[in-house]
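A look at the structure
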Amino acid sequence: SGRAAGPSSAEAGRFAEVQQPSVVGATPEASEPAWSSIARFFGGALLGIALLGSAASPARADLEDTLIPVDGKGKTATLTKEQLVRAKRLFNNACAICHVGGGNRTNQNVGLGMEELQGGLPTRATVEGIVNFLNAPVTYDGLKDVSETHPSIKSA
């Protein structure tokens, strides 16, 4: 039927493995409500995308803690070595089949580098942006719904 299938039960189990990063400077009262396991998966997918620059090498334990953008307002989160390794594995298992080497199967002119993610409308260069995209995916220019061809909450 051309419609992307929803996650299998095995993939759903992997979604739950992704842990929410600790937000720099956030207090328990000011932190966002707990993400659902699906939202954590999408956050993990963004982290995996961010790690594509090192995709040629296997997941390593010598990675350093990494600061990533959470939203367009300057909020950041620090990911631990363990979270980075898990995010990379998650991306390789769930996303790399269509995004081989940081490419994009549906638009070969757009990759998954941070500069290209920032250029998308709306931006996809933050955790919030990639979660929004994966909830309701649109083309790079933001004009066309692609939920029928890109896995998403909307297509599930």
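For clarity, every value in this text was computed on a predicted model and none was experimentally measured.

With 14 residues, helix α3 (residues 81-94) should cover 20 Å at 1.5 Å per step; its first-to-last C-alpha distance of 20 Å lies within 8% of that length. Taken together, the buried positions of α3 are Gln83, Leu84, Val85, Ala87, Lys88, Leu90 and Phe91.

The full count for this structure, using the stated rule, is 0 disulfides. Between Cys95, a free cysteine, and Cys98, which holds the nearest cysteine sulfur, the sulfur-to-sulfur gap is 8.7 Å. The exposure class of Cys98 is partly exposed, given its relative accessible area of 28%.

This part is about the confidence of the model for the protein chain. Per-residue confidence for the protein chain gives a mean pLDDT of 73, with 60% of residues at or over 70. Mean pLDDT values for the elements of the protein chain range from 43 in helix α1 (residues 9-17) up to 92 in strand β3 (residues 76-79). pLDDT under 50 marks residues 1-35. Its contacts with residues more than four places away, or in other chains, come to 50 contacts.

What counts and how
- Residues numbered from 1 in each chain as written.
- Predicted model: local features only at pLDDT ≥ 70, side-chain atom pairs only at ≥ 80, totals over all residues.
- Heavy atoms only, no water.
- Helix = DSSP H or I, 4+ residues; strand = E, 2+ residues; numbered from the N terminus.
- Expected span 1.5 Å × (residues − 1).
- Buried < 20%, exposed > 50% of the residue type's maximum accessible area, 1.4 Å probe, protein only.
- Disulfide = S-S within 2.5 Å.
- pLDDT = per-residue confidence, 0-100.
- Contact = heavy atoms within 4.5 Å.

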